[in-house]
Amino acid sequence: MGIAAAYLMWAMAAQAAPQAPPARQAPREAAPIDVTGNWVSVVTEDWRWRMLIPKRGDYSSVPLNPEGRKVADQWDPAKLASDGCKAYGAAAIMRVPGRLQIGWESDATLRIETDAGQQIRHLRFGKSAEAPAERTWQGRSVAEWDRIRAPGGLGVSLQQGPGRPGALKVVTTNLKAGYLRKNGVPYGEDTMVTEYFDRLSAYGTDWLTVFTIVEDPQYLNQPFITSTHFKREPDRSKWRPTPCEPGSAPAAASERPAK
Amino acid sequence: MRQAIRAGLFLAAILKAGAAFAQIDLSGEWAATFHEDLPHRGGVRLGDYTGLPLNEAGWRKAQSWDEDARSTPERQCIPHVVTYALRGPATIRFTKLIDAVSGELQAYYLHGSYGRPRTIWMDGREHPSDLAPHTWGGFSTGTWERNTLVVSTTHIKTGWLLRNGAPTSDLATMQEYFTRYGDYLLATVFVNDPVYLEEPFIRTSNFVLSLPSNADAWGNCGPAQITDELGGRAKGTVPHYLPGQTAHIQEFLSQSGVPAEAARGGAATTYPEYMAKLENPSQLDNRLFLPPAPGKSFPRVAPPQTEVAGEIRVLPVQGNVYLLAGAGGNIAVQIGEDGVLLVDSGSGAVNDKVMAALRTLANKPIRMIVNTHAHPDHMGGNERLAAAGNSTGGGRPSDAPRAGALIIAHKAVLDAVSAPTGKQPAMPFGAWPTEGYPGDSKELFFDGEAIQLFHVPAAHTDGDSLVFFRRSDVIATGDIFVTTSYPVIGKGGSLNGVIAGLNRILDITIPKDWQEGGTMVIPGHGRIADEADVVEYRDMVTIIRDRIQDMIRKGMTLEQVLAARPTVEYDARYGSETGPWTTRMFIEAAYQGLSQNR
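In this numbering scheme, every chain counts its residues from 1 along its sequence in written order. Starting at A for chains and at 1 for ligands, labels are handed out in the order in which the entities are written. Local features in a predicted model are, by the rule used here, given only for residues with pLDDT of at least 70; side-chain atom pairs are given and counted only at 80 or more, and totals for whole chains, interfaces and linings are based on all residues.

## Focus on the overall build of chain A
Secondary structure elements are taken from DSSP: a helix is a run of H or I of four residues or more, a strand is a run of E of two residues or more, and numbering for both begins at the N terminus. When you go through chain A residue by residue, the secondary structure sums to five helices and 13 strands. With C-beta atoms placed from the backbone, a residue is labelled by how many other C-beta atoms lie within 10 Å of its own: buried for 20 or more, exposed for 12 or fewer, partly exposed between the two. Counting the 259 residues in chain A, one finds 43% classified as buried. The long-range share in chain A, meaning contacts at least 24 apart out of those at least 6 apart in sequence, stands at 62%. Any residue pair is listed as a contact if its two C-beta atoms, each placed from the backbone, are within 7 Å.

Set out below in structure tokens:
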């Protein structure tokens, strides 16, 4: 082996070393970021459409197609109470002002509980993400830790490693049709929701951001893209459970995930 | 064999470069998506501050904002300030600046969305001194954290969060987080402004990769493009709404159904528990106009100090002119072949340090000191600094230097510091101007450039001069303009005189494109500024003058005016409850002066 070849091998090894894929780890163990904890939405955007119930026909910012506008225009505010959990499905729940508690239900399943609407989402990694028998408000969510491939120099073949650790990516399908906003702005049951959950700290505070892409061939003319932010809270002392359907029971304490 | 070694080293070098580039690539054109907050990004309504964690000072300043202000000549070319720019309706572009030799990433350029081009330095450099100028784009440094470019920005001009007057101060800073998810880009922006916000404001903006776009497609705006959009209004008019004028707010409330309390914003309105309050309107304070609570104070927010207090700091300003700060009032220094010219000499307490600082700039004698006015923090160093220098010429038969530098000021300054024989003067003889010029101006030529002195009567004092270095394109303003406090109204001064002086400065300054740079301004106290900073200050002083004038017109007493707090939204930035010049003293002086003008 010549000097050049040896140096080349050293360089390649040095390149690869920091990016070596970890041995098979459970998703919980492999988490590059910690999304667990108590979070509160801070409504600094779309305030009028999130904190208040907008008027019928006010679908500002939502890329509805003509069919979607037609459905939205037919919404009856008098029947708001009977809308139940339509505005709390996975395509909208992150935009509903409220609090989240996120924890690991198992090594491969994250659980998100909301106080607004008292919804529970299960984000399942890998093969644990089996499709439920029927469509639900929260649908079927398949999770993975996103990694950003970073080929450079000579290109993919030599440098394709596990990439840099990224966000929590979640793709949700199998949804019941619902509302993007409480004033009847619709999404259909073929909707696919892609979300990136990420973490950051600024000015001494921890934040969770959720980048959401809603694709609905029935009512949208392009992907509906929003990003929502949540501030960390120390505990559940401000938890204010409000069911979205009259008479529905709050989540029992035993159902709450471990912190 | 040699060829193989060369090839191997080449390959290894490329791989090493690959490692250096291992951050996510943000390069390219990114088109904004508008699926959030659309009404806040296009024609946002006056009175709509929903979702903004404004404090009382913030929403009061917002409510006084008149859209016509944007049409004044000094504001027509203002671009989107960085605290707002990513919300603009256009594409942004990230470009890498790579060092040609090392291959290392030096910086990102961020263009677009009607903001000014920004450089995000990635080379680990420090942020500038707190005395350095502020710009619309600020000064940004970045680092990569995991999958995110984290950008820290300081030195931002007074600006806004929304284009309806929701304000940010020049003490605001930003943290930005740029994260790429496939062909999408998330920009999470925090604005921290202790002057106008109750807590840091967070906003997320979304972009999609858009290769055919062009982030620079909208052309230019500079003095040549400015037109008379407010025909018939007197020069120096500052459009604004007086307290209690609420029609512009009422219009938004009526059309949107948003309660008045919520429309004012505030941190509490951004949390879910506020929804319970919205469901019980009796709990809301929906008065359209809330009189300021008497006695409530807004403590002064201290600007960041990046260097040791008491030390002389030297900053280049422009051309041959430098700023020396830390000796009392600011000292402007002009350096050239002829020697050193000072505008003001500080308090005199740290003359040795001033001399040492001057020696770092040039090994030349002080030839002239120009005093902007007669206060000891600006001419206390005269005696010793003048004595340490010397002047030339003077019509003597030889060209030997004459001991002592010339001291030039308006005649009123000489009158203020001198005294007839036998009487006690305000300053020792050696500190007196060697020439007190009469009238309204004086011309100098020194170090290869023309220098104009303009007297502004009855402003900060009765003897103020503006000093304009024509080639360097720098004005030293004395205390007619400061960035640290409300204007001090001294002996022989007046609020209207200060405003006239500020407008005089604006007559002289000419900004470069996008209302930035161009003529630079050295204030009597505080940081280096440009025309846009003077405009903000002029507007503030004019608005306060208009309010007090209106109150006097209504027959209000001084105590009633003080209780009405006509300065309320500016107190955290410029006010003071203690010290030699308090907010109360400022209002009293303004009231007394304006009452005499009735």
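Having seen the model, we can carry on.
## Focus: the overall build of chain B
Per the secondary structure count, chain B includes 15 helices and 26 strands. Here the globule rule is a power law, 2.2 Å times the number of residues to the power 0.38, and the radius of gyration is based on C-alpha atoms. Computed over the C-alpha atoms, the radius of gyration of chain B is 27 Å, within 12% of the 25 Å expected from 2.2 N^0.38 for a compact globule of 598 residues. For chain B, the spread of C-alpha atoms along the principal axes amounts to about 90 × 80 × 40 Å. Of all intrachain contacts in chain B linking residues separated by at least 6 positions in sequence, the fraction that spans at least 24 positions is 64%.

## Quick word on the nonpolar core
Residue and element names in this part refer to chain B. Joined through C-beta atoms within 7 Å, a set of buried Ala, Val, Leu, Ile, Met, Phe, Trp, Tyr and Cys residues constitutes a nonpolar core. Among the nonpolar cores identified, the biggest contains 206 residues, and Leu324 and Leu502 are the most heavily contacted of them. Among the elements that take part in this core, helix 12 (residues 531–553) stands out by supplying 10 residues, more than any other. Each of domain 1 (28–225) and domain 2 (313–596) contributes no fewer than three residues to this core. Where each domain starts and ends follows an automatic or database-derived domain assignment.

## Here's the deal with the packing of helix 11 (residues 495–508) of chain B against helix 12 of chain B
All names here are of chain B. One way to put it is that helix 11 packs onto helix 12 with a least axis distance of 10 Å and a crossing angle of 155 degrees. When the axis of helix 11 is compared with that of helix 12, the two are roughly antiparallel. Both helix 11 and helix 12 take part in a crossing whose hand is left-handed. Where helix 11 abuts helix 12, its residues Leu495, Asn496, Val498, Ile499, Leu502, Asn503, Ile505 and Leu506 lie against Glu531, Val534, Val535, Tyr537, Arg538, Val541, Thr542 and Arg545. Side-chain classes are defined by residue name, with Ala, Val, Leu, Ile, Met, Phe, Trp, Tyr, Cys and Pro counting as nonpolar, Asp, Glu, Lys and Arg as charged, and the others, Gly among them, as polar. In terms of residue class, the contact of helix 11 with helix 12 is made up of 10 nonpolar, three polar and three charged. To define axes, lines are fitted to C-alpha atoms, for helices over the stretch in contact only, and angles between the resulting N-to-C directions are given on a 0 to 180 degree scale. Angles are sorted into four bins: roughly parallel if under 35 degrees, roughly antiparallel if over 145, roughly perpendicular if 65 to 115, and oblique for all others. Handedness of each helix crossing follows the sense of rotation of the near helix against the far helix: counterclockwise by less than a right angle gives left-handed, clockwise gives right-handed.

## Some thoughts on the confidence of the model for chain B
Think of pLDDT as the predictor's per-residue confidence, scored from 0 to 100. On average, residues of chain B carry a pLDDT of 92, and 93% of them reach 70 or more. Below pLDDT 50 for its whole length, residues 9–22 of chain B participates in 29 contacts with residues either more than four positions away or in separate chains.

## Focus: the pairing of strand 7 (residues 164–173) of chain A
Residues and elements named next belong to chain A. Only strands joined by at least two bridges in the DSSP assignment are considered to pair. The sheet contact formed by strand 6 (residues 140–148) and strand 7 spans eight bridges and is antiparallel. Following the sheet pairing, Glu144 is matched in strand 7 by Lys169. As paired strands, strand 7 and strand 10 (residues 192–202) are joined by five bridges and run antiparallel to one another. For Lys169, the partnering residue across the bridge sits in strand 10 and is Tyr196.

## Let's talk about the sheet that holds strand 3 (residues 105–112) of chain B
Residue and element names in this part refer to chain B. The strand order 1-2-3-4-5-6-9-10-11 describes a closed barrel built from nine strands, whose pairing is mixed. Geometrically, the sheet is characterised by an average inter-axis angle of 30 degrees between neighbouring strands, direction not taken into account. Where strand 6 (residues 148–154) and strand 9 (residues 173–181) come together, six bridges link them in antiparallel fashion. Residue Ser152 lies in a different strand from strand 9, and its bridge partner there is Gln175.

## Quick look at unusual backbone geometry
Not every positive phi belongs to a glycine, and Asp473(B) is a case in point at roughly 60 degrees. Of note, Asp473(B) is situated in the loop between strand 23 (464–469) and strand 24 (474–476).

## Quick notes on the environment of Pro433(B)
All names here are of chain B. Along the chain, Pro433 turns up in the loop between helix 10 (411–417) and strand 20 (435–437). A tally of 27 C-beta atoms within 10 Å means that Pro433 is categorised as buried. Separated by 406 residues in the primary sequence, Pro433 and Ser27 have C-alpha atoms spaced 59 Å apart. Not counting residues up to four positions away in its chain, the partners in contact with Pro433 are Asn371, Ile407, Ile408, Ala409, Val413 and Leu414.

## A short note on the packing of helix 12 of chain B against helix 15 (residues 583–596) of chain B
Residue and element names in this part refer to chain B. Relative orientation of the contacting elements helix 12 and helix 15 amounts to 60 degrees, with a least axis distance of 10 Å. Considered as vectors, helix 12 and helix 15 are oriented oblique to each other. The hand of the helix 12/helix 15 crossing is right-handed. Mapping the contact onto sequence places Ile544, Arg545, Ile548, Gln549 and Ile552 in helix 12 and Ala590, Tyr591, Leu594 and Ser595 in helix 15.

## Examining the domain arrangement of chain B
Residues and elements named next belong to chain B. What the domain assignment lists for chain B is domain 1 (28–225) and domain 2 (313–596). The C-alpha-based centres of domain 1 and domain 2 are spaced at 34 Å. Taken together, the contact between domain 1 and domain 2 spans 26 residues of the former and 26 residues of the latter.

## A look at helix 11 of chain B
A turn of α-helix holds 3.6 residues, and therefore any two residues three or four places apart point the same way. If you check helix 11 of chain B, its first and last C-alpha atoms are 20 Å apart, about what 14 residues at 1.5 Å a residue would give, namely 20 Å. Within helix 11 of chain B, burial applies to Leu495(B), Gly497(B), Val498(B), Ile499(B), Gly501(B), Leu502(B), Arg504(B), Ile505(B) and Leu506(B). Given the number of residues in a helix, its expected span is that number minus one, multiplied by 1.5 Å.

## A look at the sheet that holds strand 15 (residues 339–343) of chain B
Remark on secondary structure: sheet strands pair via backbone hydrogen bonds, oriented parallel or antiparallel. All names here are of chain B. Strand order in the open sheet made by the seven strands is 12-13-14-15-16-19-20, with mixed pairing throughout. The sheet is open, and its two edges are formed by strand 12 (313–318) and strand 20, each paired on a single side. Between one strand axis and the next, the sheet turns by 25 degrees as a mean value, whatever way the strands run. As paired elements, strand 13 (residues 321–325) and strand 14 (residues 331–336) share four bridges and run antiparallel to each other. Bridge pairing in strand 14 places Leu323 opposite Ala332. Strands strand 12, strand 13, strand 14 and strand 15 of the sheet are contacted by helix 7 (residues 351–361), whose axis makes an angle of about 35 degrees with strand 14.

## Quick notes on the confidence of the model for chain A
The predicted model of chain A has a mean per-residue pLDDT of 85, with 78% of residues at 70 or higher. In the predicted structure, residues 10–20 of chain A sits below a pLDDT of 50 and forms 12 contacts with residues beyond four places in sequence or in another chain.

## Let's talk about the pairing of strand 5 (residues 120–125) of chain A
Residues and elements named next belong to chain A. Summarising the sheet, strand 3 (residues 109–114) and strand 5 pair through five bridges and their orientation is antiparallel. What sits directly across from Thr109, in strand 5, is Arg124. Across three bridges, the pairing between strand 5 and strand 6 is parallel. Bridging across to strand 6, Phe125 finds its partner in Ala143.

## A short note on the environment of Ala172(B)
Residues and elements named next belong to chain B. Among the structural elements, Ala172 can be located in the loop between strand 8 (167–168) and strand 9. Ala172 sits 74 residues away from Ile98 along the chain, and the two C-alpha atoms are 30 Å apart. With residues up to four places along the chain from it excluded, the contact list for Ala172 reads Thr83, Ile156, Val191, Asn192 and Asp193.

## Concerning the environment of Ala132(B)
All names here are of chain B. Inspection of the secondary structure assignment puts Ala132 in the loop between strand 4 (118–121) and strand 5 (139–145). Separated by 185 residues in the primary sequence, Ala132 and Val317 place their C-alpha atoms 8.6 Å from one another. Among residues more than four places away in sequence, those in contact with Ala132 are His155, Leu315, Arg527 and Ile528.

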